[in-house]
Amino acid sequence: MATNLRQLDSDPAYYHKLYNLYNERFMRNEEEWKSIWQENNTMYTFDDSKEDEICILSVGSGEGTRELVILDLALKRYPKVYLRVVEPSESAANIFKEKCAKLQESYPGFHADWHIQTFDEYRKAEDSSKSGEEKFHFVLCLHCLYYVDDIGTAMQFLYQQTKPGGAIAITMIDTKSTVGSLYEKLWNDDNYPISYKSGSQVRMQIKNRGWTSKSRSNWGRLDVTPMIDAPESEVGMAMLDWFTHTVNFRLTASKPMLSEVMSFFETGYEVKDGKKLVSNDREELVITKAITSD
C-alpha cells in the first residue's frame, strides 16, 4: 500500500504548474465546447427581464480560460454582470484578474471580486457569516468538485446559493474515458490513501436529491508520450503526478501501485501522428433549480 503520498492540492503552486502542463498536452474541440455552453445557456428559467444584474459564482477558476468563454456569452446578453471568484492559487487568480480587467474595458457593466480560498474554506466562511442569503443566477464548478471534503455538503451549499430559476454548471472527467476510469479505480479504492470525488458521485447526488439536470460528454485526448517513453524524465514524472493528483508519486508510491497506475496508460493509448494519446473526455452537467424551490 502507498502510505506516504501527499495530495496535489496541498501545494497550490505545484498544482497550477501541472495544470498548465496538462493544458499544453490536452487536445480538445473548443468549438464543440462553446456550443455546449451556448445550448446550456437556455437551461435557466428565471425571468431575466426583471433582473437588474446577473450574478455568477465561479469556484476553482484557475486562470479563468473556460470561464471567460461563458462570461463573454453572458456579457453579450446582459448589460450588468457580477462575478465572484473562489480560487486557492493566488498566482492563477492574478492572471484571471488581468483578463477580467481587459474584459471591463469592453463591458463597463462588469465587475468582480476574489476569494483566495479553497471551496471548503469559502463555504465554511459563508456559513459562519450567515451570508447564505446571497443568491447567484449561475454557478460554475469546472473541474473543482474533485477536491471538496464532502460531496453532498458541497453540492447542497451550491444549490442553496443558486437563485430559483438559475443553473449550476459542473465539469468532471467522464468516467468512461481512460483517465476517468483511472480516477474511478483509485478514488473509490479503500487501499488508495488519497480520496477525491468522481463524476459518478456527482451524478448520484443529483439523482438522490431529485434535481433537474442534463449531461453531455465532450471529446478530449491527452498526449502522454513522455510519461510512457521517458517515465523518469521531469515531464514524465510531472504528468504522473497530475494523473494521480499527488506529489512525487513515482518516488513515494509502492511498486504494485505504480505498476497498476502505469498499466492504465500503457495498455489504453492510441497512436496518432507519432503521439501516444489517451481518452480524456469531459462530462458537462447542468443542474436547473426550480422556481418553486426554497
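Everything here concerns the structure above.
Every chain begins its residue count from 1, and numbering advances along the sequence as written. Thresholds applied to this predicted model are a pLDDT of at least 70 for local features of residues and 80 or more for the giving and counting of side-chain atom pairs; totals over whole chains, interfaces and linings are not thresholded and use all residues. Hydrogens and water are ignored here; the side-chain numbers use all heavy atoms of the structure.

### Remarks on the overall build of the chain
Here's step 1: Secondary structure counts use DSSP, requiring at least four H or I residues in a row for a helix and at least two E residues in a row for a strand, with both numbered from the N terminus. The helix and strand inventory of the chain stands at 12 helices and 13 strands.
Here's step 2: The classification of residues rests on relative accessible area computed with a 1.4 Å probe and restricted to protein chains. Under 20% of the type maximum is buried, over 50% is exposed, and intermediate values are partly exposed. Looking at the 294 residues of the chain, the share that counts as buried comes to 53%.
Here's step 3: When contacts within the chain are restricted to residue pairs at least 6 apart in sequence, those whose partners lie at least 24 apart make up 82%.
Here's step 4: Carbon together with sulfur atoms contributes 48% to the accessible area of the chain, which is approximately 13,400 Å² in total. When checking whether two residues touch, look at their non-hydrogen atoms; a contact exists if any pair is within 4.5 Å. Each accessible area is a Shrake-Rupley estimate made with a 1.4 Å probe; only the visible protein chains count as cover when residues are assessed.

### Describing unusual backbone geometry
Here's step 1: One non-glycine residue with positive phi stands out, namely His245, at about 55 degrees.
Here's step 2: The topology assignment puts His245 in the loop between α10 (234-244) and β10 (246-247).
Here's step 3: Residue classification places His245 among the buried positions, given a relative accessible area of 2%.
Here's step 4: The backbone phi angle of Asp273 is positive, close to 55 degrees, even though this residue is not glycine.
Here's step 5: Within the element layout of this structure, Asp273 appears in the loop between β11 (270-272) and β12 (275-279).

### Structural notes on the environment of Pro108
Here's step 1: Relative to the helices and strands, Pro108 resides in the loop between α4 (90-106) and β5 (110-115).
Here's step 2: With a relative accessible area of 75%, Pro108 lands in the exposed category.
Here's step 3: The spacing of Pro108 and Leu75 is 33 residues in sequence and 10.0 Å in space, taken between C-alpha atoms.

### Concerning the side chain of Thr246
Here's step 1: By secondary structure assignment, the location of Thr246 is in strand β10.
Here's step 2: Among the residues examined, Thr246 registers a relative accessible area of 0% and is labelled buried.
Here's step 3: Of note is the side chain of Thr246, whose polar atom sits 2.8 Å from the side chain of Thr244.
Here's step 4: Apart from residues lying up to four places away in sequence, Thr246 is in contact with Leu5, Arg6, Gln7, Leu8, Tyr14, Tyr192, Ile194 and Asp241. In protein, a polar contact means a hydrogen-donor-capable atom and an acceptor-capable atom, both N or O and within 3.5 Å, with residues adjacent in sequence counting only if both atoms are side-chain atoms; elsewhere, any N or O pair within 3.5 Å suffices.

### Quick notes on the nonpolar core
Here's step 1: Judged by nonpolar contacts, the single largest core of 64 residues is most densely connected at Leu145, Leu158, Ile170 and Phe243.
Here's step 2: It is helix α6 (residues 151-161) that provides the largest number of residues to this core, a total of six residues.
Here's step 3: Excluding residues within four positions of it along the chain, Phe243 makes contact with Val179, Leu182, Tyr183, Leu222, Val224, Met227 and Phe265.
Here's step 4: Residues Ile56, Ile70, Leu71 and Cys100 belong to the second largest nonpolar core, which totals 21 residues. Here the nonpolar core consists of buried residues drawn from Ala, Val, Leu, Ile, Met, Phe, Trp, Tyr and Cys, with membership extended through side-chain atoms lying within 4.5 Å.

### So, the pattern of salt bridges
Here's step 1: The working definition used for a salt bridge is a side-chain nitrogen of Lys or Arg within 4 Å of a carboxyl oxygen of Asp or Glu. Using the criterion set out here, one finds 14 salt bridges in the structure.
Here's step 2: Note that Lys185 and Asp189 form a salt bridge whose closest N and O atoms lie 3.7 Å from each other.
Here's step 3: Taking relative accessible area as the criterion, Asp189 reaches 18% and is therefore assigned buried.
Here's step 4: For the salt bridge of Arg221 with Asp281, the shortest nitrogen-to-oxygen distance reads 3.0 Å. Of the two residues, Arg221 is situated in strand β9 (residues 220-223) and Asp281 in the loop between β12 and β13 (282-288); the sequence distance between them amounts to 60 residues.

### Re the sheet that holds strand β7 (residues 162-173)
Here's step 1: Whether two strands pair comes down to DSSP finding at least two bridges between them. An order of β5-β4-β3-β6-β7-β13-β8 is seen for the seven strands of this open sheet, with the pairing classed as mixed. Edge positions in the open sheet fall to β5 and β8 (212-218), since each of these has one partner strand only. Put simply, the sheet's adjacent strands are angled 15 degrees from each other on average, direction ignored.
Here's step 2: Two strands pair when backbone bridges link them, and strand β4 (residues 81-86) and β5 are joined in this way by six bridges, in the parallel orientation. Residue pairing for β5: Leu83 is matched across the bridge by Ala112.
Here's step 3: Axis angles are defined between N-to-C directions and span 0 to 180 degrees, where every axis is a line fitted to C-alpha atoms and, for a helix, only to the segment in contact. Across the face of the sheet, α4 comes into contact with β4 and β5 while running at roughly 170 degrees to β5.

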